[in-house]
Amino acid sequence: MKKQFMMFLVAGAVLVGCEKDLNANQEPELIVNENAASFKEIGSLAIGGTGAAEISAYDEVGKKLFTVNNSNTNQIDVIDLSDPTSPKKLAVIDLSVYNGASNSVAVYDGKLAVALESTTNKQGNGKVIVFKTSDYTLIKEITVGALPDMITFSPDGKFIMTANEGEPNADYSIDPDGTISIIDVNNNYAVTTLNFSGFENQLTTLKAKGFRISKKAKSFAADIEPEYVTISEDSKTAWITLQENNGVAKVDLTSKTITALFGLGYKDFNSVENGIDVSDRDNVIAFTPWKLKGLFMPDAIASYTVNGTTYFVTANEGDAREYDNYSDVTRLKSLSLDPTVFLDAVTLKTDPKMGRLNLVATEGDTDTDGDLDELISFGARSFTIWNGNSGALVFDSKNDLDKRSQDFGTYDDARSDDKGSEPEAVVVAKMGNKNILFVGLERTDTVMVYDITNPSVPQYLQSFKTGDAPEGLLFIPASKSPTKRSLLVVSSEGDGVVKFFQPDLN
C-alpha cells in the first residue's frame, strides 16, 4: 500500500509522518526550526539551599522533573513541568528508608532510577533504587559498587549504568575499588559490576599517556575513581571518565567488559592560544602563556556520532585528592623548583606570578631528585572532543571558556589560582541537522553553547547566566518537551535553583 504523507502544524513546529507509521503507534518526527544561539530563561524554581539541585531527570509521559535534593534532606523532589514558565513542586520521594544518600537520577519509559551511596558506610556498596514515575512505588532495589556517583539509562532502555567512585575514607585506611555497574533491565535487573584490576599490567604504558595512579594508592583497582558515564546512540558502547586518574574507560555493553583505558595526556599552557590567568592576587585578568602543563581530569562526558564515527566530549574540570592525612594539592610557592629548569624560580613563586597556583604536588619530578622539573596543574580549563574508538584528541577549546567568561562578565578572578571557570558539565543535543554542545561552568555560573557538527571545528554560539554553580545539564528535545520546543534544564547546587531555557524560532 502506498504511504500517505501527512503534515501537522504545532506551535511553530512541523510534524511529518505517514499513514503506516501512525497506524503502528509511532510518533511522527518533530522538526522545529529553532535558533540554537538564542536560548533564554523562561522559568525557574528554588527547591532548597546549597546541594538542593544537583542532577535532574525528565519523564515525558507525566511531564515531570525529578531532582536530587540533598539540602539538609535526603529526597527526590518531583516537579510539575507541564508549564516550564511556572514549574511547581508536586511531591517528594523520601529516600531515608533505603539507608542511602542520592547522588544522581535517570528516567526511561516510566522508570526512575536513583543512585544511592551508603549512609552507614560510605566505603561500602551502594544501591540503585528503581521507582515508577507515575506513583513513585518501588520496582526494584539493586546492589552496586561503592559510592555510585552517576547513573544513566542506555538510549534503548535495556541497561542502567552507574559510575561507582569508590573513594577512600578520611584516613585512607579503607579504599574500595572503583567500579562500573551494568544493570540488565530486561533480565530482572541482573547486575554486573566490573573493576579495573585486569589493566594493572598496562600501568607503564598508561602512565606514558598521562594516566595517573596516586602515590597513596592501595592498589591499581582501588585508585581508579569512575565519575561520569555516556552511552553511544546504538546502546552498544559506553565511555566513563576516571577523573582523578586523568583517563577514560571504554566499555562493551554487549559483552559487559571494559575494553580499553585511555590516558588523556597533558594540556600545554605555554602558548598564546592556551594562555591562562594563574594568580588571584595580581589585580588583573590576563591570559598568558606559562611554563605549565595541566592534567585534563574530566568530570562530565557526553557522546555523539558524525558520519559513522562516535566522539566523546569531556568537561575538563580537574580534581584533587584531599583527605585528613593525605592531599596531593600544594601551592607552587611551597614547592622546590629545579633551578636549572626554572631560572626565574624566585620570581615565579611570588603571589602576583605563579606562587598561588595549585599544583599536583606528586607530579613533575621527572629525575626523582626531590625538586620539580615540570609544573603540573589540575584540569585543562576547557572542553575536549576525542575519537571514541582510539581516544585520540580531535579538538580542544584551548582558553576559549575562560576568555569568553571574561568577555561575558562572569569570570571569577578569585579562581584563577585553581581551575579558572571550572568546566563541570557537558551535554550534546541534536537540533535540526546540527549537533549542539552545552558546557556548564561551575565557577562562572554560565552555560556556553557551541555547534560541534564538525568535531574538528566547533563554532561558538552564545553564553547565558545560570544559577549558582551549575552541576547538571539536561536537554529535553522538542519532540518530548511540554512546549514542543527544545528545553535546557540547568540544576545548580550552589543555590538550589533549577532554571529552564528555551531557544527562539528562526
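What counts, and at which threshold
- Residues numbered from 1 in each chain as written.
- Predicted model: local features only at pLDDT ≥ 70, side-chain atom pairs only at ≥ 80, totals over all residues.
- Heavy atoms only, no water.
- Salt bridge = Lys/Arg side-chain N within 4 Å of Asp/Glu carboxyl O.
- Helix = DSSP H or I, 4+ residues; strand = E, 2+ residues; numbered from the N terminus.
- Buried < 20%, exposed > 50% of the residue type's maximum accessible area, 1.4 Å probe, protein only.
- Phe/Tyr/Trp six-rings, centres within 6.5 Å; stacked < 30°, edge-to-face > 60°.
- Lys NZ or Arg CZ within 6 Å of the ring centre and 35° of its normal.
- Pairing = 2+ DSSP bridges.
- Axes fitted to C-alpha atoms, helices over the stretch in contact; angles between N-to-C directions.
- Arc of directions from axis to C-beta.
- Contact = heavy atoms within 4.5 Å.
- Core = buried A, V, L, I, M, F, W, Y, C linked by side-chain atoms within 4.5 Å.
- UniProt positions renumbered as here; feature names shortened; annotations may be inferred.

We now examine the pattern of salt bridges. A side chain with one charge may pair with a side chain of the opposite charge, provided their charged atoms come close. For the structure shown, the criterion picks out 25 salt bridges. As a salt-bridge pair, Glu-60 and Lys-480 come within 3.8 Å of each other at their nearest N and O atoms. Placement of Glu-60 in the loop between strand S5 (56-59) and strand S6 (64-69) and of Lys-480 in the loop between strand S36 (470-476) and strand S37 (487-492) is noted, with a sequence separation of 420 residues between them. Taking relative accessible area as the criterion, Glu-60 reaches 31% and is therefore assigned partly exposed.

Looking now at the environment of Lys-403. Positionally, Lys-403 belongs in helix H5 (residues 400-408). Judged by its relative accessible area of 39%, Lys-403 falls in the partly exposed class.

Turning to unusual backbone geometry, a few remarks are in order. Despite not being glycine, Asp-109 shows a phi value in the positive range, around 50°. Structurally, the position occupied by Asp-109 is in the loop between strand S9 (100-108) and strand S10 (111-118). Phi is positive for Asn-307, which is not a glycine, with a value near 50°. Residue position: Asn-307 is located in the loop between strand S23 (301-306) and strand S24 (309-315). When its relative accessible area of 79% is taken as the criterion, Asn-307 is described as exposed.

With that out of the way, let us pick up the packing of aromatic side chains. Think of a pair of aromatic rings as described by two things: how far the centres are apart, and how the planes are tilted against each other in angle. All told, the structure shown has 19 aromatic pairs when counted by the stated rule. When the centroid spacing of 5.6 Å and the interplanar angle of 80° are considered together, the rings of Phe-287 and Tyr-411 count as edge-to-face. One end of the pair, Phe-287, is in the loop between strand S21 (266-268) and strand S22 (293-295); the other, Tyr-411, is in the loop between H5 and strand S32 (423-431), with 124 residues separating them in the sequence. Through pairs of rings, three or more aromatic residues link up here, namely Phe-39, Phe-438, Phe-464, Phe-475 and Phe-501. Above the face of the Tyr-266 ring, Lys-293 is positioned so that its terminal group lies 5.7 Å from the ring centre. In this structure, Arg-404 packs its charged tip against the face of Tyr-460, placed 3.8 Å from the ring centre.

The next point concerns the sheet that holds strand S19 (residues 247-252). Taken together, four strands build an open sheet; the order of strands is S17-S18-S19-S20 and the sheet is antiparallel. Looking at strand neighbours, the two that pair on one side only are strand S17 (226-231) and strand S20 (257-263), the edges of this open sheet. Strand-to-strand, the axes of this sheet are offset by a mean angle of 25°, without reference to chain direction.

Turning to H5, a few remarks are in order. Here H5 has its buried residues at Leu-401, Asp-402 and Ser-405. On an axial view of H5, the arc spanned by its buried residues comes to 95°, and they lie on one face. Structurally, H5 contributes buried residues whose contacts are with strand S30 (383-387), S32, strand S33 (434-441) and strand S34 (446-451). Following H5 by one or two positions, Gly-409 has its phi on the positive side, about 90°.

Both faces of the sheet carry side chains from a regular strand, because those side chains alternate between them. In terms of burial, S32 is largely enclosed, as eight of its nine residues are buried. Two elements, S32 and S33, share eight bridges in a ladder whose sense is antiparallel. Residue Val-427 lies in a different strand from S33, and its bridge partner there is Phe-438.

General note: in soluble globular proteins, nonpolar side chains tend to be found buried as a group. Ranked by internal contacts, the top residues of the largest apolar core, which has 54 residues, are Ile-240 and Leu-261. Ignoring any residue separated from it by four or fewer positions in sequence, one finds Leu-261 in contact with Phe-196, Phe-199, Leu-206, Phe-211, Phe-220, Leu-242, Val-248 and Ala-249.

This part covers the sheet that holds strand S13 (residues 148-153). With respect to topology, four strands assemble into an open sheet ordered S13-S14-S15-S16, the strand pairing being antiparallel. One side of each edge strand has no neighbouring strand; the edge strands of this open sheet are S13 and strand S16 (190-194). On average, each strand axis in the sheet is inclined to that of its neighbour by 15°, with strand direction left out of account. Two elements, strand S15 (residues 179-184) and S16, share five bridges in a ladder whose sense is antiparallel. Residue pairing for S16: Asp-184 is matched across the bridge by Ala-190.

Moving on, we get to the UniProt feature "domain: Choice-of-anchor I" (unreviewed entry) in the chain. As recorded in UniProt, the sites labelled "domain: Choice-of-anchor I" (unreviewed entry) are residues 44-494. Annotated as residues 44-494, this span is 5% helix and 43% strand, and its ends, taken at the C-alpha atoms, are 15 Å apart.

The element S30 is extensively covered by neighbouring structure, given that five of its five residues are classed as buried. The alternating pattern of S30 places Phe-383, Ile-385 and Asn-387 and Thr-384 and Trp-386 on opposite faces, both of which are buried. Here S24 pairs with S30 via five bridges, running antiparallel. Looking at S30, one finds that Val-313 is bridged to Ile-385. Sheet analysis places S30 next to strand S31 (residues 393-396), joined by three bridges and oriented antiparallel. Bridge pairing in S31 links Ile-385 to Phe-395. Turn length for the S30-S31 hairpin, with the two strands adjacent in sequence and antiparallel, is five residues, and the turn residue Gly-391 shows positive phi of about 80°.

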